[in-house]
Amino acid sequence: MYGMQSRAEMFLKMYRILEGALEKRYAGDRQSSSVVMEYLKDEDSEPYRYELNLCREIRNLLSHNADEIGEPVVEPSEAVLASLNEILDHVMSPRYAIDCGTPHEKILCAYANDLAIEIMHRMARQGYSHVPVMEKGRMTGVFSVGSLFAYLEKRGFDALDNGTRIGQLKDALDFDQHGAEKYLFMPQDATILQVRAAFEVRRERNSGLRVVFITRGGTKDEPLWAMRTPWDVLKNPVNAE
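About the thresholds
Residues numbered from 1 in each chain as written. Predicted model: local features only at pLDDT ≥ 70, side-chain atom pairs only at ≥ 80, totals over all residues. Heavy atoms only, no water. Salt bridge = Lys/Arg side-chain N within 4 Å of Asp/Glu carboxyl O. Helix = DSSP H or I, 4+ residues; strand = E, 2+ residues; numbered from the N terminus. Buried < 20%, exposed > 50% of the residue type's maximum accessible area, 1.4 Å probe, protein only. Polar contact = N/O pair within 3.5 Å; in protein donor to acceptor, adjacent residues only side chain to side chain. Contact = heavy atoms within 4.5 Å. Core = buried A, V, L, I, M, F, W, Y, C linked by side-chain atoms within 4.5 Å. Phe/Tyr/Trp six-rings, centres within 6.5 Å; stacked < 30°, edge-to-face > 60°.

Asks: Quick rundown of the pattern of salt bridges? Include the residues and the values.
Replies: Applying the stated criterion across every chain yields a total of five salt bridges. Among the ionic pairs, Asp-44 bridges to Arg-25, the shortest N-O distance being 3.1 Å. Here Asp-44 is found in the loop between helix 2 (35-40) and helix 3 (49-64), whereas its partner Arg-25 is found in helix 1 (residues 7-25), with 19 residues between them in sequence. Residue classification places Arg-25 among the partly exposed residues on the basis of a relative accessible area of 29%. We note a salt bridge from Glu-200 to Arg-196, for which the minimum N-O separation is 3.7 Å. Separated by four residues within a single helix, Glu-200 and Arg-196 lie in helix 9 (residues 192-204), roughly one turn from each other.

What follows is the structure, encoded as structure tokens:
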């Protein structure tokens, strides 16, 4: 018992709170009649799908079935209540990718007038494989080993010297000119699970997704707020506290 409430009453109360939170999340943007079913299709539910589906079935039994004196036909266990509470915490306090990736103030960025060789040295020292190229607070491209190789392949391997500036590599920095390297822009409310799923899906399709860039609305024409690489995903396991 929880005070004067049975476990069944506590379960239904928590389930209604969960539905309320999901109603807000999917307001005006859902395809299923049930917000819980909508959430079960969301990447964010992946660690809890089995438990949540079990809770959904228990809720249906509690809501639509009773014995001859009106008592519920099932009584959720302590473990079920604990699972539902954990799901509720996850939904109410999601872990956002923007909080776990590299924040904008720590991202190594390049500008048109920067010497390419100096940026390369900084990449080697700081462990960066991809560097956003910025102009007036917006991303105009990405400097990486792939973009450098594309530039040298097109211009010749003697085209790069100590005086070459990032702006001179402009044609090779475009988001669509990196060959096997791909980039994805996601909005500020993208969760860690959604970003991880993006890397996994793209890997399965052999699309070569290298970096997820986080902006307010998920477009490249907005200020860069954070970036995540597959290494960031490995460093920040989904269920880490």
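Asks: Got a sec to walk through the side chain of Thr-164? Specific residues and values, please.
Replies: Within the element layout of this structure, Thr-164 appears in the loop between helix 7 (145-155) and helix 8 (170-173). On the basis of relative accessibility, which here comes to 2%, the residue Thr-164 falls in the buried class. Here Asp-161 takes part through its backbone nitrogen, which lies 3.0 Å from a polar atom of the side chain of Thr-164. Among all residues touching Thr-164, those that are not within four sequence positions of it are Asp-114, Leu-115, Ala-116, Ala-159 and Leu-169.

Asks: Which residues make up unusual backbone geometry, and what values do they have?
Replies: At Lys-136, a position not held by glycine, the phi torsion is positive, near 55 degrees. Along the chain, the position of Lys-136 falls in the loop between strand 3 (130-135) and strand 4 (138-144).

Asks: Could you give an account of the nonpolar core, with specific residues and numbers?
Replies: The biggest cluster of nonpolar side chains holds 25 residues, and the ones touching the most others in it are Phe-11, Leu-18, Leu-22, Val-36, Leu-52, Leu-84 and Val-91. If you list the elements that add at least two residues to this core, you get helix 1, helix 2, helix 3 and helix 4 (78-92). For this core, the leading source of residues is helix 1, giving nine residues. Other than its neighbours up to four places away in sequence, Leu-52 contacts Leu-18, Val-36, Tyr-39, Leu-40 and Ile-87. Core analysis: the next-biggest nonpolar cluster, separate from the first, contains 16 residues, Ala-116, Ile-119, Leu-152 and Leu-173 among them.

Asks: So what about the packing of aromatic side chains? Which residues, and what values?
Replies: Under the definition given, this model contains four aromatic pairs. Following the ring pairs from residue to residue traces out a cluster consisting of Tyr-183, Phe-185 and Phe-213.

Asks: Which residues make up the side chain of Asp-44, and what values go with them?
Replies: Its relative accessible area of 1% is what places Asp-44 among the buried residues. Only 3.4 Å separates the side chain of Asp-44 from the side chain of Thr-191, close enough to count as a polar contact. Apart from residues no more than four positions distant in its own chain, Asp-44 is found in contact with Arg-25, Tyr-39, His-90, Thr-191 and Leu-193.

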